[in-house]
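A look at the structure
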Amino acid sequence: MYALSRPALVLLLLMAICLGLYPLIGDSYYIRLLTKIMVLGIFAMSLDLLIGFTGLISLGHAAFFGVASYAVAWYIVKAGVTSLLLILPTAVGVSAACALVIGWLSIRTAGIYFIMITLAFAQMLHAFFKDQKYWGGTDGFNFYDKPKLAFGDTVVLDLSNRLTLYYFTFVLLLSAFIFLVVLLRSPFGRAIQGVKVNEGRMRAMGYNIRHLKLMSFIIAGSLAGVAGFLEATRTAYVNPELMSWHMSGNVMIMVILGGMGTLYGPLLGALALTLLGDNISSMWDHWLLIMGLFVIAVVMFLPEGIAGLIEKAADRFKRKPPPKEETEP
Amino acid sequence: MDTSYYLIQALNGIQYGFLLFLVASGLTLIFGIMGIINLAHGSFFMIGAYLCWWLTSLTGNLFLGILAGVPLAVVLGLLIERFGIVHLYKRDHLYQVLFTYGLILIFGEMRSILWGNEVQSVQIPEILSTAIPLTEVQSYPVYRLFISLVCMALAAMLYLVVQRTRLGMTIRAGASNREMVQALGLDIAKLFAIVFALGAALAAFAGMVAAPVQSVFPGMGDEILIVSLVVVVVGGVGSIKGAFLGAMLIGLADTFGAVFLPHGAGTVIYTVMAIVLLWRPQGLFGRA
């Protein structure tokens, strides 16, 4: 059953406290940067549900992130609606609906086909938004209003306020994390983890594998939609690149760098990668070269990610010998 | 619009299909035989195009550019296989995806450092820069026919090599049962290196001959990679025959999509893919 190790719990609690208190002392640049990191953190966690827990390697996860962003832009630019109560559920609903269709088609396949098909479907949406003048084509949209929660004339939550957005994102991140922990400990969560470990055995036990995978795909897509909603709200800008395969690739790097199948790892991955990108991109135009080398180094030397390092360090701290590796007979 | 217009579009579709086949056949061989998902495959197409532009402007002749470029692509392919891909054979697909994604970033930035980010164009050599008149108003450029013919010749050669030679026999054996090939004492490391370099060379060559038609630009590798992945999925992973039929189908669908649906052209090939997969999840010639 999914359980957080004690060092992970301590780390998470510390992270949550720091994130909660930071705006009291922090400057606006880092408040913005942290908002971005939290948004990407939700996105990366949602992909971890697929890659790390269900064993579905999706290379098109940005599709759901992107369509939710476009839903926000549509409401604000085309319909002139800023009500949070309308925009957020629609954005997530659109992502869920896309995940249902794409998932239903993709889950018929497995392995490399699944990777390629999810990639191709995301590209299909990317091409669609790029081709359509109505959706702003390659340039996308800028918009100037942001979603608000208001009753009559009293505005309760105004996401154009930097701090409101920060705490709104923070609360959604916490909720998403708790939701995923509860989900993973539920019978459904145990079943999908069983599918990852041994699909054949789960089928033999009478589970409907396709149904389990599809549900997981839809949940992950909806959560990516939450992140997409926040991303569009944060930047007040959408363009087709939000669902490009570079976006899918980047979020996959976050999951692997942080440590897949740990839930908190992807958060660390989002943090590390964003800070890294933020620092080297300001120093060198060709920073993607360093990023590329970095990705390769992670694959070669850190396959279990940062979370793996933390767990190992914690084991050593407790002076417990690491589990013996199985040797060939 | 009369029939000759559609004929021209069909010829364009076939020409695009041949280019796609050169790229997709390498992709599908590398997966089928080596078990490697190589997202950096499109980068070889881009590198080919840039090499062609660079060498052509140095030598002043497209044919010299291509002649000098292909060996460079082979060497690059061998180096990447020996120092990079070789570590991935026993790893999960996930890590192959990430590793080759990292390679894309590196190739892209190296290109940007060496050759810049501008869109470049390559002159069509004079003997091929004429056009064949079809009707009084329409004609078909000779260079496009040249691409189709050269690619056809290469496709035929590839078919003969795979079907009729000892190397081809090993390749086919490797595709259907890698462990068995290894157990028979054939040098699997050498085979993998050859297949990877061959794939890289085919993709780079496609980029070279395409350069004068579609111009040379930074994102061209990504574009062709995604379409080639669609071709491979439609045709069935690991099947050369599938790659060929898939390439023709997707090449024609893309070209005619642009004719009939100018505002939704980008999605046509993905729709074709979705239909094929609904019908046969393993692709047209894939094994279940």
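Computed from a prediction, not measured in an experiment: that's the story for all the values here. In this numbering scheme, every chain counts its residues from 1 along its sequence in written order. Numbering of ligands from 1 and lettering of chains from A proceed in the order in which they are written. In keeping with the model being predicted, local features are shown solely for residues with a pLDDT of at least 70 and side-chain atom pairs are shown and tallied solely at 80 or more, while totals for entire chains, interfaces and linings include all residues. The side-chain numbers reported here are obtained from all heavy atoms of the structure, hydrogens and water having been left aside.

Oppositely charged side chains can pair when the atoms bearing their charge come close. Only one rule defines a salt bridge in this text: a Lys or Arg side-chain nitrogen within 4 Å of an Asp or Glu carboxyl oxygen. Summed over all chains, the structure comprises 5 salt bridges over all chains. As a salt-bridge pair, E199(A) and K213(A) come within 3.2 Å of each other at their nearest N and O atoms. Of this pair, E199(A) sits in helix α8 (residues 199–204) while K213(A) sits in helix α9 (residues 209–235); the two residues are 14 residues apart in sequence, bridging distant segments of the chain. For E199(A), a relative accessible area of 29% gives the class partly exposed. A residue is classified by how much of its surface remains accessible, and K213(A), at 9% relative accessible area, is buried. Taking the shortest distance from any N to any O, the salt bridge between E81(B) and R82(B) comes out at 3.1 Å. For the purposes of this entry, the term helix denotes a DSSP run of H or I that reaches at least four residues, the term strand denotes a run of E that reaches at least two, and both are numbered from the N terminus. Exposure categories follow from relative accessible area, calculated using a 1.4 Å probe and restricted to protein chains: below 20% of the type maximum is buried, above 50% is exposed, and the middle band is partly exposed.

The next subject is a nonpolar patch on the surface. Together, M283(A), W284(A), I290(A), M110(B), I113(B) and L114(B) give the surface a local cluster of nonpolar side chains, amounting to about 590 Å² of exposed area. It is helix α4 (residues 93–115) of chain B that contributes the most residues to the nonpolar patch, 3 residues altogether. Within the secondary structure, L114(B) sits in helix α4. Think of a patch as exposed residues, more than 30% relative accessible area, with no salt bridge, where like charges cluster within 9 Å and nonpolar side chains (Val, Leu, Ile, Met, Phe, Trp, Tyr) cluster within 5 Å. Every accessible area reported is derived by Shrake-Rupley at a probe size of 1.4 Å, with residue values counting cover from the shown protein chains alone.

Let us now look at the interface of chain B and chain A. Size of an interface: often given as the accessible area lost when the parts come together. Listed per partner, the contact involves 46 residues of chain B and 42 residues of chain A. Across the chain B/chain A interface, buried area totals approximately 4,000 Å², and carbon plus sulfur atoms make up 79% of it. Accessible area that two parts lose when put together, with a 1.4 Å probe and added across both, is what the buried area reports. Interface area lost by chain B to chain A is led by L94(B), L98(B) and Y101(B), which between them contribute 16%. Seen at the junction of chain B and chain A, the total is 0 salt bridges. Any N or O atom pair separated by 3.5 Å or less is treated as a polar contact, with the protein-specific requirement of one donor-capable and one acceptor-capable atom, and with residues adjacent in sequence counted only for side-chain atom pairs. Our enumeration of links across chain B and chain A arrives at 10 residue pairs in polar contact (both at pLDDT 80 or more). Looking at the side of chain B that touches chain A element by element, the count peaks at 16 residues for α4(B). Here the nonpolar group is Ala, Val, Leu, Ile, Met, Phe, Trp, Tyr, Cys and Pro; Asp, Glu, Lys and Arg are the charged ones; every other residue, Gly included, is treated as polar. Its residues placed into classes, the side of chain B that touches chain A shows 29 nonpolar, 13 polar and 4 charged. Working rule for contacts: check all heavy atoms of both residues, and any pair within 4.5 Å makes them a contact.

Turning our attention to the confidence of the model for chain A. Confidence of the predictor at the level of single residues is given by pLDDT, which spans 0 to 100. Overall, the prediction assigns chain A a mean pLDDT of 89, with 96% of residues at 70 or greater. Per-residue pLDDT, averaged within each element of chain A, yields its smallest value for strand β3 (residues 154–158) of chain A (82) and its largest for α9(A) (96).

Below, the discussion takes up the packing of aromatic side chains. When the centres of two rings from Phe, Tyr and Trp lie within 6.5 Å, Trp using its six-membered ring, the rings pair. Their planes under 30 degrees apart give stacked, over 60 give edge-to-face, and anything left gives tilted. Enumeration over the complete set of coordinates arrives at 26 aromatic pairs over all chains. With a centroid separation of 5.3 Å and 85° between ring planes, the pair formed by F128(A) and F129(A) is classed as edge-to-face. Relative accessible area serves as the criterion here: at 32%, F128(A) is assigned to the partly exposed category. Here F129(A) falls in the buried class, since its relative accessible area comes to 6%. On the basis of an interplanar angle of 80° and a centroid distance of 6.1 Å, the ring pair of F44(B) and F196(B) is categorised as edge-to-face. Of this pair, F44(B) sits in helix α2 (residues 41–59) while F196(B) sits in helix α8 (residues 188–214); the two residues are 152 residues apart in sequence, bridging distant segments of the chain. With relative accessibility at 1%, the residue F44(B) sits in the buried group.

A few words on the side chain of D48(A). Residues and elements named next belong to chain A. By the element assignment, D48 lies in helix α2 (residues 28–54). A positive count includes Lys and Arg, and a negative count includes Asp and Glu. His and the chain ends are not counted in either. No salt bridge is formed by the buried D48. Its closest oppositely charged neighbour is K196, at 7.5 Å. When neighbours within four sequence positions are excluded, D48 is seen to be in contact with F53, V255, G259, M260, G261, T262, L263 and P266.

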